[in-house]
Amino acid sequence: MNKVAVLSGDGIGPEVMAEALKVLDVIAKKYNHTFEFKEGYVGGIAYDKTGLPLPEETIQLCENSNAVLFGSVGGPKWENLPPEKQPERGALLPLRKHFNLFANLRPVKIFPSLSHASSLKQELVKDGIDIIFFRELTGGIYFGQPKKIAEDGKSAVDTMAYKEEEIKRIAVKAFEAARLRNKKVCSVDKANVLMTSILWRKIVTELHEKEYSDIELSHMFVDNAAMQLVRWPAQFDVILTENMFGDILSDEASMITGSIGMLSSASLRDDQFGMYEPSHGSAPDIAGKNIANPIATILSAAMMLRYSFDMDKEASAVEKAIQKVLKDGYRTVDIMSEGQKEVSCSMMGNLIVERL
Ligand code: NAD
């Protein structure tokens, strides 16, 4: 039994989640699998119902599941709550921490039929882009101690620290993923300046020599990587990097695709448990209108099939169905262009299901 905790959250979360569940139901029937979906409250709605953005019952539900499918949280209604009660800070970050989700995977993909939406020149993206980031998520400068502002308010310190084990486990994930793709990893660091980066490069290189010499490994300084992403993004396949560099570079890369409604993500740990979510927020401006793009959430569900349930062929079937719908000219409003057919959120889900 594949148990999935379904945390739809706020704003467009429930709308896009409904379409992902439709797709998973069809996958279950077609490939003879059983999924057990159990819903839990998270974010603003959880605060309204229980007084907490991440109630204990929701944590329990996730603990008793093999994977978490997450919609989005937040909205103006909860913006003025104290920090620990706010949907994003009080739910999303604690969930990642509680479950020790140290590997953040963010695919950055431009489907050739959507290349016009990119912020880059057509000649750079017309054949599509297919990059996946492996960002270390629980270490580095966001967590290192000491981290404080001095009592006189005139100086401050953050600490960037990494241990061998923390580097190794995310590197293993990146190399393993590269084996299922084009066998290319680019490790991004700042080894000309930072001690943590010198260690990072050493550990990645040793691991590569010992266990992954079939993969083509390159190293790039983070400032150069930021330039190369907009100069020639097609050169990249798997990008492996630490927490802060990954935060910045994956956001930069996501803009190359032109639509936040298409970007999925996964946060994983050592076993197969993972949390899967679209990269976008709760989009309060379009919530309740049935016009949100559900593709990011459906692609996140496909990642769940691949990484938590070893269902690679099923995940590919979902991705192909999405490509087919786009090729057939169907678009939600955020990716709409002249000559295409505009469809609602639920219609987009139905069209993907039809092509499965
Ligand atoms: P957002 O991603 O919600 O929206 C940014 C813009 O993109 C909006 O114009 C929105 O309409 C559009 N958009 C987003 N997703 C879309 C989709 N699937 N289809 C079509 N258009 C889409 O970011 P924001 O406006 O900065 O934040 C809104 C709320 O979401 C805030 O409360 C914020 O804290 C929260 N947020 C939550 C998460 C999360 O749950 N992981 C992430 C980011 C922001």
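Structure's up top.
Residues numbered from 1 in each chain as written. Predicted model: local features only at pLDDT ≥ 70, side-chain atom pairs only at ≥ 80, totals over all residues. Heavy atoms only, no water.

## Brief notes about the site of the ligand
In the vicinity of the ligand there are 20 residues, among which Val 73, Glu 88, Gly 281, Ala 283 and Asp 285 approach most closely. Contact distances for the ligand include 2.9 Å between an oxygen atom and a backbone N or O atom of Val 73. In the model, an oxygen atom of the ligand is placed 3.1 Å from a nitrogen or oxygen of the Ser 282 main chain. For the ligand, the protein covers 69% of the area, taking 810 Å² as the surface of the free molecule. Within the shell around the ligand, the residues separate by chemical class into 8 nonpolar, 8 polar and 4 charged. (Near = heavy atom within 4 Å. Polar contact = N/O pair within 3.5 Å; in protein donor to acceptor, adjacent residues only side chain to side chain. Areas by Shrake-Rupley, 256 points an atom, 1.4 Å probe, with all protein chains shown as cover. Nonpolar A, V, L, I, M, F, W, Y, C, P; charged D, E, K, R; others polar.)

## Let's talk about the packing of aromatic side chains
According to the stated counting rule, one finds 5 aromatic pairs in the structure shown. Ring centres of Phe 99 and Phe 273 lie 4.9 Å apart, and the angle between their planes is 25°; this geometry places the pair in the stacked category. In this pair, Phe 99 is assigned in the loop between helix H4 (87-98) and strand E4 (103-110) and Phe 273 in the loop between strand E11 (264-268) and strand E12 (274-278), connecting sequence segments 174 residues apart. Each of the two residues, Phe 99 as well as Phe 273, counts as buried. Linked through ring pairs, Phe 35, Phe 37 and Phe 309 together constitute an aromatic cluster. Across from the ring centre of Phe 102, 4.1 Å away, lies the NZ or CZ of Arg 169, which sits over that ring. The ring of Tyr 330 carries Lys 341 above its face, with NZ or CZ at 4.5 Å from the centroid. (Phe/Tyr/Trp six-rings, centres within 6.5 Å; stacked < 30°, edge-to-face > 60°. Helix = DSSP H or I, 4+ residues; strand = E, 2+ residues; numbered from the N terminus. Buried < 20%, exposed > 50% of the residue type's maximum accessible area, 1.4 Å probe, protein only. Lys NZ or Arg CZ within 6 Å of the ring centre and 35° of its normal.)

## Considering the packing of helix H10 (residues 295-307) against helix H11 (residues 312-327)
Interhelical geometry of H10 versus H11 gives an angle of 160° and a closest axis separation of 7 Å. Relative to H11, the element H10 is oriented roughly antiparallel. Crossing geometry of H10 relative to H11 is assigned as left-handed. Taking contact as the criterion, the partners of Ile 295, Ile 298, Leu 299, Ala 302, Leu 305 and Arg 306 in H10 are, on H11, Asp 312, Glu 314, Ala 315, Ser 316, Val 318, Glu 319, Ile 322 and Leu 326. Grouping the constituent residues of the contact of H10 with H11 by class yields 9 nonpolar, 1 polar and 4 charged. (Axes fitted to C-alpha atoms, helices over the stretch in contact; angles between N-to-C directions. Parallel < 35°, antiparallel > 145°, perpendicular 65-115°, else oblique. Left-handed = near helix turned anticlockwise from the far one by under 90°. Contact = heavy atoms within 4.5 Å.)

## Quick notes on helix H1 (residues 13-31)
Along an α-helix, a turn takes 3.6 residues, which lines up residues three or four apart on a common side. Taking 1.5 Å of rise per residue, 19 residues should cover 27 Å, and H1 covers 27 Å from first to last C-alpha, within 8% of that figure. Of the residues making up H1, those classed as buried are Gly 13, Glu 15, Val 16, Met 17, Glu 19, Ala 20, Leu 21, Val 23, Leu 24, Ile 27 and Ala 28. Against the buried residues of H1 lie strand E1 (2-9), strand E2 (35-39), strand E3 (67-72), H10, H11 and helix H12 (345-355). Positioned one or two residues after H1, Asn 32 has a phi angle of 60°, which is positive. (Expected span 1.5 Å × (residues − 1).)

## Looking at the side chain of Lys 173
By the element assignment, Lys 173 lies in helix H6 (residues 164-179). The buried charged residue Lys 173 lacks any salt bridge partner; its closest oppositely charged side chain belongs to Asp 270, at an N-O distance of 5.0 Å. Residues in contact with Lys 173, not counting those within four places in the same chain, are Phe 102, Ala 103, Phe 134, Leu 268, Arg 269, Asp 270 and Asp 271. (Lys, Arg positive; Asp, Glu negative; His and termini not counted. Salt bridge = Lys/Arg side-chain N within 4 Å of Asp/Glu carboxyl O.)

## Quick notes on unusual backbone geometry
The omega torsion across Gln 145 and Pro 146 is 0°, close enough to zero to call that bond cis. Relative to the helices and strands, Pro 146 resides in strand E6 (residues 144-149). Even without glycine at this site, Asn 100 takes up a positive phi of about 50°. Turning to its location among the elements, Asn 100 is positioned in the loop between H4 and E4. Phi angles above zero are rare outside glycine, and Lys 183 is one such case at about 60°. Secondary-structure assignment places Lys 183 in the loop between H6 and strand E8 (184-189).

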